[in-house]
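Descriptive structure summary
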Amino acid sequence: SLDSPASIARSRIMFAVRAVRPLARAAPAVRAFSEAPAASVMTLNFSLPHMNIYADKTVDRVIIPGAEGVYGVTAGHTPIVSQLKPGVVEIVHEAAGEAEKYFVSGGFALTHDTSVTVSFGTTPLHLAPSTSSKPAHWCAGAAVVIRRRQ
């Protein structure tokens, strides 16, 4: 019936849509940019549920194995939340330095313009350079040296 509560609510919504539609067409699309200067430093939070490996550590960039693909994060990166797939997280502390590598079995990465937080549920395996003199174990079936970070 035309006097039912659902019918009355529907007609009110349609009236509101018709009233607003011309305003939406007339307003030009405006893209706003922040007046803040671009970020030049990025901090890393690399953590397990019970401990931090790095907390507010200044880094140059981080390479993350996202579920949709591997991507790099530097200062000023667009904010993004990403699920991690099993893979290697690379942490570059200095622009010209060698990457510190960790194998993670999964987790999440939360990226902001000045920071990235990588959280995972199991202890990551620290991938040691092949020239390392520190104790290491060979991963069966892989040509990479790994050791646990304590």
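Preceding block: the structure.
Residues numbered from 1 in each chain as written. Predicted model: local features only at pLDDT ≥ 70, side-chain atom pairs only at ≥ 80, totals over all residues. Heavy atoms only, no water.

Observations regarding the side chain of Ser 82
Residue position: Ser 82 is located in strand β5 (residues 80-84). Residue Ser 82 is classed as buried on the basis of its relative accessible area of 9%. Not counting residues within four places of it along the chain, the set of residues in contact with Ser 82 comprises Gly 66, Ala 67, Tyr 71, Gly 107, Phe 108 and Ala 109. (Helix = DSSP H or I, 4+ residues; strand = E, 2+ residues; numbered from the N terminus. Buried < 20%, exposed > 50% of the residue type's maximum accessible area, 1.4 Å probe, protein only. Contact = heavy atoms within 4.5 Å.)

Looking at the pairing of strand β3 (residues 61-66)
Sheet topology note: the β3/strand β4 (residues 69-74) ladder contains 6 bridges and is antiparallel. The partner of Val 62 across the bridge, within β4, is Val 73. The turn linking β3 back onto β4 is made up of 2 residues. (Pairing = 2+ DSSP bridges.)

Considerations on the nonpolar core
Formed by 20 residues in total, the largest nonpolar core has its most connected members in Leu 44, Phe 46, Val 62, Ile 64, Ile 91, Val 116 and Val 118. Residue assignment for this core shows that the elements contributing at least two residues are β1 (42-47), β2 (52-59), β3, β4, β6 (87-92), β7 (100-104) and β9 (115-119). Those residues in contact with Val 118 that sit more than four places away from it in its chain are Leu 44, Asn 45, Phe 46, Ser 47, Ile 64, Leu 84, Phe 108 and Ala 109. (Core = buried A, V, L, I, M, F, W, Y, C linked by side-chain atoms within 4.5 Å.)

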